[in-house]
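Here is what each chain is made of, one letter per residue.
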Amino acid sequence: MRRLPFQLFISIAGFLILLLFTATSAFSATPSVREQASNPGDLPLDADELEQYWQELYPSADPFAAANENNIYQSELLAKAVPDECFNGIGADESADIVPDCPNGQPKVNEAYVWGMTEYSDTIWFGTAPNVHCLVMGGFLGASSPIATDSYACEFGQGPYSQGGTVPTLPGIIGDWRPPSLYAYDSAAESLTEVTPPDPRLISNTLGIRSAGSIGNYVFFAGPAFSPTASINMFMFNAATQQYLGSTNLPGYSNIRKWLEVDGELYTAVGTSAGGAVLRYTGDPTNPATRFDFVVVGTFDADGAELAFHEGRIFVNTWPNGLSSGVVAGLWMSPLVPAGGLPEDSSEWELLFKYDEYEPDPVIARTYGGGALFSYEGDLFWGTMHVPFLATLAHLSVYGQAYTDADESRPDEADVLEAMLGSQRSISIFQGRNFGTPDQEIELAYGLPELPAFDPVSLAWYLVPNELDEPEPKYGLSGFDNMFNNYTWSMAEYDGQLFVGTMDWSYLLDDIIQTFLQTPLDSLELPLDIVITLPDATLGADLYRFYSPDEPAVAASLNGVGNYSSYGVRNMVGREDGLYLGMANPMNLLTDLEDDKPEGGWELLQMTRHLIPLTVTVAGNGSGSVISDPDGIDCGIICTTSYDFETPIVLTPTADTGSTFTGWSGGCYGPTCNLSLLDPTTVTATFTLDKHPLFVTLVGDGNGSVLSSPAGINCGTACDELYDYGTLITLTQSVSAGSVFVGWDGACSGTGTTCTVPITDTSRVTATFANNRFPLVINLVGNGSGNVVSAPPGVGCSQPSCSADFDLGTQVSLSAVAFNGSSFDGWSGACKDFVPCQLTIDTTN
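The rules we used
Residues numbered from 1 in each chain as written. Predicted model: local features only at pLDDT ≥ 70, side-chain atom pairs only at ≥ 80, totals over all residues. Heavy atoms only, no water. 1 Å grid on protein atoms, 1.4 Å probe; cavity = no way out; pocket = protein on both sides within 12 Å on 5 of 7 lines; lining within 4 Å. Points joined across faces, edges and corners; volume = space filled by probe spheres on them. Helix = DSSP H or I, 4+ residues; strand = E, 2+ residues; numbered from the N terminus. Nonpolar A, V, L, I, M, F, W, Y, C, P; charged D, E, K, R; others polar. Pairing = 2+ DSSP bridges. Axes fitted to C-alpha atoms, helices over the stretch in contact; angles between N-to-C directions. Polar contact = N/O pair within 3.5 Å; in protein donor to acceptor, adjacent residues only side chain to side chain. Contact = heavy atoms within 4.5 Å. Disulfide = S-S within 2.5 Å. Buried < 20%, exposed > 50% of the residue type's maximum accessible area, 1.4 Å probe, protein only. Parallel < 35°, antiparallel > 145°, perpendicular 65-115°, else oblique. Left-handed = near helix turned anticlockwise from the far one by under 90°. Phe/Tyr/Trp six-rings, centres within 6.5 Å; stacked < 30°, edge-to-face > 60°. Patch = residues over 30% accessible without salt bridge, like charges linked within 9 Å, V, L, I, M, F, W, Y side chains within 5 Å. Areas by Shrake-Rupley, 256 points an atom, 1.4 Å probe, with all protein chains shown as cover. Salt bridge = Lys/Arg side-chain N within 4 Å of Asp/Glu carboxyl O. Lys, Arg positive; Asp, Glu negative; His and termini not counted. Charge placed at Lys NZ, Arg CZ, Asp CG, Glu CD.

Chemist: Just give me the short version of empty space enclosed by the protein, but keep the residues and values in it.
Modeler: Counting across every chain of the model gives one cavity of 30 Å³ or more. If you go around the largest cavity, you meet 20 residues; those closest to its centre are Phe389, Met420, Gln424, Arg425 and Trp505. Listed by contribution, the elements that provide at least two residues to the lining of the largest cavity are helix H8 (390-405) and helix H9 (413-423). Residue classes in the lining of the largest cavity are distributed as 13 nonpolar, six polar and one charged.

As structure tokens, this is what we get:
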């Protein structure tokens with residue numbers, strides 16, 4: 001995308017002189033206009049000073065920074081116009097049957113705008129308009145000389161519908177017209193269906209499908225008719241079945257822009273010969289005789305344009321009916337809307353605000369149009385519309401004679417440059433509340449505290465404060481701080497926020513500059529000693545959002561929502577599943593899929609909150625939790641959530657008792673994880689169980705061992721081991737022969753074979769084994785000899801003295817056997833006399 005400082009060469013001023021003076025017939029000055037001119041300020045401003053004023057007011061900056069910092073939404077292209085003709089040069093025959101090859105020319109896409117758009121269920125219905133930039137230049141500004149740039153061609157009188165042999169045959173100023181089309185986009189099926197009526201008579205008599213509305217199962221389309229003049233053509237569909245129900249011509253209405261449903265009643269605003277009106281639908285869609293019946297429920301002094309429902313009333317923003325009418329557009333309010341809708345011929349509409357209550361120059365004030373408006377969080381927001389160079393045309397039309405009075409045959413290039421710079425206006429955004437009451441408030445959200453105004457006496461421009469009681473804007477400069485935003489074209493609510501779509505004409509200016517820069521200087525035949533440098537521009541329509549009525553808007557897109565040749569967000573529909581955008585892009589020659597430029601033609605986009613999923617997993621043999629800042633993750637309860645694109649996230653781990661956080665994986669480092677979400681992300685927090693030693697000690701004069709389960713302890717060989725926190729260790733004692741297990745001590749107690757030790761810290765266990773065998777001593781005395789044996793075995797004694805060990809408490813029976821020549825004389829000690837010796841082993845045997 002390009003972002004360029006605009007150098008407005010005198011060659012362009014010369015081109016504009018030709019354009020402006022072929023168009024001034026569209027305006028007629030009245031003496032009262034000059035009389036109403038604002039009082040001059042302190043110092044007159046020439047072209048250089050006006051240039052400096054705009055440069056200082058809109059300093060060069062990087063607008064992408066603001067957009068990228070605040071862009072939490074993403075867009076998807078749902079449908080787009082396709083080339084429908086082969087362009088072979090100005091005035092050459094154009095063919096629609098060999099697209100896209102076009103061997104002798106280049107593909108051309110004539111369908112320029114999503115001009116009218118509405119919704120039904122899962123379907124977005126919209127109608128298009130062809131080559132609208134050319135139609136505005138010709139039909140509105142009076143241009144008729146063909147022009148071709150790198151981006152678009154306007155053939156005017158040399159177009160195919162102006163050369164005869166076509167139906168209709170059009171005047172040259174609207175010779176770039178093509179029949180409009182109607183479409184239905186099913187968001188559930190993700191499919192686009194063309195629903196253009198099969199009967200070409202009315203569709204071929206319609207400038208474009210400028211408006212669309214819906215009620216119940218029915219969709220209406222409408223647009224200005226060529227013939228009869230001051231009439232509109234209207235088309236109806238059953239939206240549930242996509243059945244075409246017919247069309248009609250409604251005479252007496254010069255224009256139609258927007259529709260509004262209020263409590264089951266459908267309204268639309270129109271232009272009339274006397275000004276404008278609001279219509280309420282009273283027909284029966286199922287009855288062909290009354291299918292297109294409307295009643296007038298309000299009238300104004302200017303074209304009815306945009307509508308909104310606020311504080312129980314319908315509000316209408318109007319458009320001027322031409323400079324000569326003397327009417328300044330403004331904001332109108334209906335009476336309270338009763339059940340059943342506004343009554344016919346309601347006369348209680350109130351003019352709340354006119355744009356000359358802001359604009360100090362009376363001629364420029366009459367070129368203001370009322371832009372989109374919307375009720376948001378208790379406030380009504382609305383904006384202005386400024387056709388590029390229309391105010392310059394009006395100024396030169398009104399004051400052209402004044403220049404002649406000053407000994408000039410007509411305004412020269414310097415006069416035109418001053419007029420261009422002095423009459424430059426960007427959109428202003430207003431907000432208000434409590435309308436029609438003593439507490440009514442109207443505030444300037446975005447605007448200029450002072451503006452250039454022309455003094456017809458001195459024929460000079462002066463800076464004059466705006467006409468508001470509180471001239472300072474609340475949030476920023478006109479155009480959302482972009483002087484090239486000239487239309488407040490659409491407003492809608494989505495995701496709890498108010499979105500505002502603009503037209504940004506900087507691409508048109510850039511394109512014409514690039515075209516003139518490619519023209520050989522010697523062929524311009526104009527002096528090149530004047531250069532006007534305008535502030536930097538980011539090409540493409542802007543989309544802003546208010547996230548509160550009390551906070552400034554932030555940028556959602558500054559580049560045509562991804563296509564910088566799309567100069568306007570013409571329509572918006574806000575729904576739960578997204579914000580649907582109907583774009584305006586009349587760059588009919590931008591069709592090369594292989595170059596580095598975007599493609600022209602209308603686009604249907606869906607914008608949704610750009611949410612990036614974040615998943616946290618917990619790993620390791622330990623345990624713990626992870627929480628996020630901002631809130632959303634509380635793992636292990638909620639381990640997956642989504643955050644806005646580029647949201648800074650801090651993840652903080654907390655180990656449970658007995659565990660330690662030992663690190664991240666997935667692109668995180670350190671004790672906390674710091675992320676800026678760009679893509680779906682998964683991070684893992686690892687918690688490891690703490691290890692604690694278990695010491696086993698064997699004591700006592702006995703012998704034995706202790707084994708552990710799980711393994712690790714085998715004491716007496718391995719008497720200590722590290723175990724994970726929380727592990728239950730079972731210790732089993734095994735007593736050796738001749739010993740007895742006395743008991744456990746420390747982390748275990750009792751005399752059982754096993755004990756269980758929960759590992760929560762350093763643990764110590766003592767196992768006591770006692771000696772369990774005692775000696776039985778046998779002494780053979782006397783002068784004879786013999787043998788003593790025991791039962792149980794152990795003693796076999798024929799020596800003077802011998803011994804054998806027996807377990808404590810063992811019942812031992814001793815038998816004495818005399819050898820030959822000897823006799824047994826008896827027992828002494830633990831046994832007595834000649835009775836069999838029976839004894840129990842104790843510690844005294």
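Chemist: For the sheet that holds strand S20 (residues 313-319), give the residues involved together with the corresponding values.
Modeler: The strand order S19-S20-S21-S22 describes an open sheet built from four strands, whose pairing is antiparallel. A single partner strand is all that each edge strand has here, and the edge strands are strand S19 (303-310) and strand S22 (350-354). Direction aside, the axes of adjacent strands within the sheet are offset by 25° on average. Relative to strand S21 (residues 330-333), S20 runs antiparallel, the two being bridged by three bridges. If you follow asparagine 317 over to S21, its bridge partner there is leucine 331.

Chemist: Could you give me a rundown of the side chain of threonine 318, with the residues and numbers involved?
Modeler: Residue position: threonine 318 is located in strand S20. At 2.9 Å, the side chain of threonine 318 and the backbone nitrogen of glycine 330 are in polar contact. If we skip the residues at most four places from it in the chain, threonine 318 touches Phe300, Ala302, Asp303, Gly304, Ala305, Ala329, Gly330, Trp332, Gly369 and Gly370.

Chemist: Could you give me a rundown of the state of the cysteines, with the residues and numbers involved?
Modeler: One pass over the full model with this rule turns up eight disulfides. Paired by a disulfide, cysteine 86 and cysteine 102 hold their sulfur atoms 2.0 Å apart. Taking the sign of the S-S torsion, -85° for the link of cysteine 86 and cysteine 102, the bridge is left-handed. Highlighted residues: cysteine 86 in strand S3 (residues 85-87) and cysteine 102 in the loop between S3 and strand S4 (106-108), separated in sequence by 16 residues. Each member of the pair, cysteine 86 together with cysteine 102, is buried. Each sulfur in the disulfide pair cysteine 831 and cysteine 837 lies 1.3 Å from the other.

Chemist: Could you give me a rundown of the packing of helix H3 (residues 47-57) against H9, with the residues and numbers involved?
Modeler: At a closest axis distance of 9 Å, the pairing of H3 and H9 adopts a crossing angle of 30°. Taken together, the axes of H3 and H9 are roughly parallel relative to one another. In the packing of H3 onto H9, the handedness of the crossing is left-handed. Along the contact surface, H3 presents Ala47, Leu50, Glu51 and Trp54, while H9 presents Leu417, Glu418, Leu421 and Gly422. In terms of residue class, the contact of H3 with H9 is built from five nonpolar, one polar and two charged.

Chemist: Describe unusual backbone geometry, with residues and values.
Modeler: A cis amide bond links aspartate 629 with the next residue in sequence, proline 630, at an omega value of 5°. You can see proline 630 is positioned in the loop between strand S38 (624-629) and strand S39 (634-635). A cis amide bond links cysteine 715 with the next residue in sequence, glycine 716, at an omega value of 25°. Structurally, glycine 716 is set in the loop between strand S47 (714-715) and strand S48 (720-724). For glutamate 311, which is not glycine, the phi torsion reads 55° and is therefore positive. Note on placement: glutamate 311 falls in the loop between S19 and S20.

Chemist: Residue-level account of the packing of aromatic side chains, with values.
Modeler: In the structure shown here, the tally under the stated rule is 53 aromatic pairs. A ring pair is formed by phenylalanine 237 and tyrosine 244, whose centres lie 5.3 Å apart and whose planes are at 50°; its orientation type is tilted. With relative accessibility at 1%, the residue phenylalanine 237 sits in the buried group. Accessibility expressed as a relative area gives 23% for tyrosine 244, which makes it partly exposed. Ring geometry for tyrosine 446 against phenylalanine 546: centres 6.3 Å apart, planes inclined by 65°, an arrangement best described as edge-to-face. Taken together, the residues tyrosine 446 in strand S26 (residues 441-446) and phenylalanine 546 in strand S32 (residues 543-546) connect sequence positions 100 residues apart. Judged by its relative accessible area of 0%, phenylalanine 546 is buried. Through a chain of ring-to-ring contacts, three or more aromatic side chains come together here, namely Phe315, Phe353, Tyr355, Tyr358, Tyr368, Trp382, Phe430 and Phe435.

Chemist: If you had to explain a negative patch on the surface to someone new, which residues and values would you point to?
Modeler: Residues Asp592, Glu594, Asp595 and Asp596 make up a contiguous surface patch of negative charge. Note that aspartate 596 resides in the loop between strand S35 (578-584) and strand S36 (603-609). Given a relative accessible area of 69%, aspartate 596 falls into the exposed group.

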